Amino acid sequence: MEFTAKQIAELIQGRVEGDENTAVSTFAKIEEGVPGAISFLSNPKYTHYIYDTKSSVVLINEDVELEKPVSATLIRVKNAYECVAKLLQFYESMKPAKKGIDSLAYISPKAQIGEDVYVGAFAYIGDGVVLGKGSQVYPHTVVCEGVTIGEKCILYPNVTIYQGCKLGNNVTIHAGSVIGADGFGFAPNTGGYDKIPQIGIVVIEDNVEIGANTCVDRSTMGQTIIHQGVKLDNLIQVAHNCEIGENTVMSAQAGMAGSTKIGAWCMVGGQAGFSGHIQVADKTFIGAQCGVIKNTKGDGESLIGSPAMDPKMFFKAKAIYSKLPDMYRQIATLERELKELKEKMATEN
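Residues numbered from 1 in each chain as written. Predicted model: local features only at pLDDT ≥ 70, side-chain atom pairs only at ≥ 80, totals over all residues. Heavy atoms only, no water.

A.B. asks: What should I look at first to understand the overall build of the protein in this one?
C.D. replies: Helix and strand content of the protein: 4 helices and 39 strands. Relative to the compact-globule value of 20 Å for 349 residues, the protein shows a C-alpha radius of gyration of 28 Å, a clear excess of over 25%. C-alpha extents for the protein along the principal axes are approximately 100 × 70 × 30 Å. Within the protein, buried positions represent 38% of all 349 residues. Of the roughly 19600 Å² of accessible surface on the protein, 54% is carried by carbon and sulfur atoms. Across the protein, the 32 positively charged side chains and the 39 negatively charged ones have centroids separated by 4 Å. (Helix = DSSP H or I, 4+ residues; strand = E, 2+ residues; numbered from the N terminus. Rg over C-alpha atoms; globule rule 2.2 N^0.38 Å. Buried < 20%, exposed > 50% of the residue type's maximum accessible area, 1.4 Å probe, protein only. Areas by Shrake-Rupley, 256 points an atom, 1.4 Å probe, with all protein chains shown as cover. Lys, Arg positive; Asp, Glu negative; His and termini not counted. Charge placed at Lys NZ, Arg CZ, Asp CG, Glu CD.)

A.B. asks: What is the right way to read the packing of aromatic side chains from this model?
C.D. replies: Any pair of aromatic rings gets described here by the distance separating the centres and the angle formed by the planes. According to the stated counting rule, one finds 9 aromatic pairs in the structure shown. Ring centres of Phe-27 and Tyr-91 lie 5.6 Å apart, and the angle between their planes is 80°; on these two criteria the pair is classed as edge-to-face. Of this pair, Phe-27 sits in strand S4 (residues 26-27) while Tyr-91 sits in helix H2 (residues 80-93); the two residues are 64 residues apart in sequence, bridging distant segments of the chain. Ring centres 5.3 Å apart and planes at 20° place the aromatic pair Tyr-106 and Tyr-124 in the stacked group. Note that Tyr-106 is positioned in strand S9 (residues 106-107) and Tyr-124 in strand S12 (residues 124-125), a separation of 18 residues in sequence. The exposure class assigned to Tyr-106 is partly exposed, which follows from its relative accessible area of 39%. For Tyr-124, a relative accessible area of 29% puts it in the partly exposed group. These aromatic residues form a ring-pair network of at least three members: Tyr-118, Tyr-138 and Tyr-156. The ring of Tyr-51 has Lys-68 sitting right over it, with the charged end atom 5.1 Å from the ring centre. (Phe/Tyr/Trp six-rings, centres within 6.5 Å; stacked < 30°, edge-to-face > 60°. Lys NZ or Arg CZ within 6 Å of the ring centre and 35° of its normal.)

A.B. asks: Which parts of the structure should I look at to understand the environment of Thr-296?
C.D. replies: Relative to the elements of secondary structure, Thr-296 occurs in the loop between strand S38 (291-292) and strand S39 (302-303). Judged by relative accessible area, Thr-296 falls into the buried class, the value being 13%. Setting aside residues no more than four positions away along its own chain, Thr-296 makes contact with Gln-279, Val-280, Ala-281, Thr-284, Glu-301 and Leu-303. In this structure the side chain of Thr-296 is engaged in a polar contact, spanning 2.8 Å, whose partner is the backbone nitrogen of Ala-281. (Contact = heavy atoms within 4.5 Å. Polar contact = N/O pair within 3.5 Å; in protein donor to acceptor, adjacent residues only side chain to side chain.)

A.B. asks: Help me out: how do you make sense of the sheet that holds strand S5 (residues 37-41) in this one?
C.D. replies: Pairing between sheet strands relies on hydrogen bonds along the backbone, with the strands arranged either parallel or antiparallel. An order of S2-S7-S6-S5-S4 is seen for the 5 strands of this open sheet, with the pairing classed as mixed. The open sheet terminates on both sides in strands that have one partner only, identified here as strand S2 (15-17) and S4. With 3 bridges joining them, S2 and strand S7 (residues 73-77) adopt antiparallel strand pairing. Counted as the bridge partner of Glu-17 is Leu-74 from S7. Docked against the sheet, helix H1 (residues 5-12) engages S2, S5, strand S6 (57-61) and S7, running at close to 5° with respect to S7. Strand contacts of H2: S4, S5, S6 and S7, with the helix running at about 140° to S6, the strand carrying the most contacts. (Pairing = 2+ DSSP bridges. Axes fitted to C-alpha atoms, helices over the stretch in contact; angles between N-to-C directions.)

A.B. asks: Could you clarify how one ought to interpret the packing of H1 against H2 in this entry?
C.D. replies: Axes are the key here: two packed helices are described by the angle between their axes and the distance separating the axes. Orientation of H1 relative to H2, taken along the N-to-C sense of each, is 110°, at an axis distance of 10 Å. Compared by their axis directions, H1 and H2 come out roughly perpendicular. Contacts from Ile-8, Leu-11 and Ile-12 in H1 reach Cys-83, Leu-87 and Phe-90 in H2. Its residues placed into classes, the contact of H1 with H2 shows 6 nonpolar, no polar and no charged. (Parallel < 35°, antiparallel > 145°, perpendicular 65-115°, else oblique. Nonpolar A, V, L, I, M, F, W, Y, C, P; charged D, E, K, R; others polar.)

A.B. asks: How should unusual backbone geometry be read in this particular structure?
C.D. replies: What you tend to see is this: most non-glycine residues have negative phi, and most peptide bonds are trans. Ser-306 connects to Pro-307 through a cis peptide bond whose omega is 0°. If you trace the backbone, Pro-307 turns up in the loop between S39 and helix H3 (311-321). Its identity as a non-glycine residue notwithstanding, Asn-158 has a phi of 65°, on the positive side. Among the structural elements, Asn-158 can be located in the loop between strand S17 (154-155) and strand S18 (160-161).

A.B. asks: Explanation requested: the pattern of salt bridges in the structure shown.
C.D. replies: If you walk through the whole model with that rule in mind, you get 7 salt bridges. Between Arg-15 and Glu-17 there is a salt bridge whose closest N-O contact spans 3.1 Å. Between Glu-17 and Arg-76 there is a salt bridge whose closest N-O contact spans 2.7 Å. Of this pair, Glu-17 sits in strand S2 while Arg-76 sits in strand S7, and the two are 59 residues apart along the sequence. (Salt bridge = Lys/Arg side-chain N within 4 Å of Asp/Glu carboxyl O.)

A.B. asks: Please explain the layout of surface pockets as it appears in this structure.
C.D. replies: Summary: where empty space remains is shown by rolling a probe the size of a single water molecule over the atoms. What the largest pocket holds in volume is close to 880 Å³. Lining the largest pocket are 28 residues, with Gln-89, Glu-92, Ser-93, Ile-154 and Tyr-156 sitting closest to its centre. For the lining of the largest pocket, the element with the highest residue contribution is H2, accounting for 8 residues. The class makeup of the residues in the lining of the largest pocket is 11 nonpolar, 8 polar and 9 charged. (1 Å grid on protein atoms, 1.4 Å probe; cavity = no way out; pocket = protein on both sides within 12 Å on 5 of 7 lines; lining within 4 Å. Points joined across faces, edges and corners; volume = space filled by probe spheres on them.)

In structure tokens, the structure reads:
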């Protein structure tokens, strides 16, 4: 597929500087540009690449002032990063969707299969499954009994959806993820542990994307819920009875203990951890490796460190922490001098 700078500018409401008939057919990072590619510049750290890039077209913010001429055709927009995301989505949507059922797939005669679906080789579709129109189930994926999957969902290879779980429309789950495994529930007894049966389900609402090898456990009772628009990275653990609010994003290796409730529009950094039975308010920013052990205060709060605290307090404490070895030596010296002084006073008296 090939598009001109003029066509691209019309699609994203941009303004062309240079040859509007310049054509591109691929994407490239600005530092790795090649002829026929479109790149973007949004981070000032990369500005110097624009003068030498080989890309034919570069998206650039309206307010960027260049120090010298460039050879690439520019398209000025309000937000280059947002516009390249739109272009990538448009590019992806132009690819034909996979359709058809492979002869090596197993589909239960009791399943309901919508129009224009794709089911790959060695995929398993169990009894009572509802697979919506235009959804895609890739090879070796297992959809257990009674699962409901909406329209235009994509389940990549080796995904497992346990019995009874419900997926909305336009849900994407990447390879190796497991939805609806038992929550981690055990009751200690004198001889070990009694397993607590996990009889609930997982509900995933519309427009959710879940990364590779992420696990969302079914609830003990009721539902573990991932609300609409949530984006989960790879290698995330969502425990039983948790709830993640709409449009919250979570980076890799984050983990939630049971019954944690995270609000809408939160941002969670990598390797952050959440204690069980706590509530995180809407629009909370959780930094990487943050340990959240209690309810958060309110909208717009930022937290870093473990245990989680306000960033200003964290950095004040961090500054003191680096001085602790010197402070320890000073205190030891003071204690020794104080001891000597007391001994001297005792002798004089």
